[in-house]
Amino acid sequence: MNNDFKTYQEAADMLKALAHPVRLCIVCGLLGKEQCNVSYMQECLDLPQSTVSQHLQKLRSLGIVTAERNGLEVNYRIANDKVAKLVRGLFEEETADE
């Protein structure tokens, strides 16, 4: 067993970030679309742009998503394969039961 506390702290921080429903919804949406801009997310979530941006900043700071500028538009995508697997795993069972 790996006793490196820093590894556990990083995993806990990632899980805390994903525990917020808006951030979890953002990650799920990005998994489905591959990349997306804030305006599109704002419309889907029916939240102010500033709120969506704050959640994206939290996800970026933990390396969960990455941003790529294309002119005036910034597109976001999942940057962490472990997070992608985890979130897919959380929702695969629900879709399989339906």
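About the cut-offs
- Residues numbered from 1 in each chain as written.
- Predicted model: local features only at pLDDT ≥ 70, side-chain atom pairs only at ≥ 80, totals over all residues.
- Heavy atoms only, no water.
- Core = buried A, V, L, I, M, F, W, Y, C linked by side-chain atoms within 4.5 Å.
- Buried < 20%, exposed > 50% of the residue type's maximum accessible area, 1.4 Å probe, protein only.
- Helix = DSSP H or I, 4+ residues; strand = E, 2+ residues; numbered from the N terminus.
- Contact = heavy atoms within 4.5 Å.
- Salt bridge = Lys/Arg side-chain N within 4 Å of Asp/Glu carboxyl O.
- Patch = residues over 30% accessible without salt bridge, like charges linked within 9 Å, V, L, I, M, F, W, Y side chains within 5 Å.
- Areas by Shrake-Rupley, 256 points an atom, 1.4 Å probe, with all protein chains shown as cover.
- Pairing = 2+ DSSP bridges.
- Arc of directions from axis to C-beta.
- Polar contact = N/O pair within 3.5 Å; in protein donor to acceptor, adjacent residues only side chain to side chain.

**What about the nonpolar core?**
- In terms of nonpolar packing, the biggest core is built from 24 residues, with Ile26, Val27, Met41 and Ile64 touching the most fellow members.
- Of all the secondary-structure elements, those providing two or more residues to this core are helix H1 (5-18), helix H2 (21-33), helix H3 (38-45), helix H4 (49-61), strand E3 (73-78) and helix H5 (81-97).
- Among the elements that line this core, the one with the most residues is H2, at six residues.
- When neighbours within four sequence positions are excluded, isoleucine 64 is seen to be in contact with Met14, Ala17, Leu18, Val27, Leu59, Arg77, Ile78, Ala79, Asn80 and Val83.

**Considerations on the pattern of salt bridges**
- On inspection of all chains with the given rule, the structure shows two salt bridges.
- Across the pair lysine 16 and aspartate 13 runs a salt bridge whose closest N-O atoms are separated by 3.6 Å. Here the residue lysine 16 and the residue aspartate 13 both occupy positions in helix H1, the gap between them amounting to three residues, near one helical turn.
- For lysine 16, a relative accessible area of 52% translates into the label exposed.

**A look at unusual backbone geometry**
- If you check the backbone angles, glutamate 34 has positive phi at about 75° while not being a glycine.
- Here glutamate 34 shows up in the loop between H2 and strand E1 (36-37).
- Notably, aspartate 46 is not glycine yet its phi reads approximately 55°, a positive angle.
- Tracing the backbone shows aspartate 46 in the loop between H3 and H4.

**Some details on a nonpolar patch on the surface**
- Together, Leu15, Leu86, Leu90 and Phe91 give the surface a local cluster of nonpolar side chains, amounting to about 320 Å² of exposed area.
- Considering each element in turn, the nonpolar patch owes the most residues, three residues, to H5.
- Judged by its relative accessible area of 46%, leucine 90 is partly exposed.

**Let's talk about the pairing of strand E2 (residues 65-70)**
- Alignment of E2 against E3, held across six bridges, turns out to be antiparallel. Opposite asparagine 70, over in E3, you have glutamate 73 as the bridge partner.
- With antiparallel pairing between neighbouring strands as the criterion, E2 and E3 make up a hairpin whose turn holds two residues, including glycine 71 at a positive phi of roughly 70°.

**Observations regarding H3**
- Taken as a whole, H3 has its buried residues at Val38, Met41 and Leu45. The arc that holds every buried residue of H3, seen down its axis, measures 60°, which confines them to one face. Projecting away from the buried face of H3 at angles above 90 degrees are the exposed residues Glu43 and Cys44.
- Between a side-chain oxygen at the N-terminus of H3 and the backbone nitrogen of serine 39 the separation is 3.2 Å; the capping residue is asparagine 37.
- Positioned one or two residues after H3, aspartate 46 has a phi angle of 55°, which is positive.

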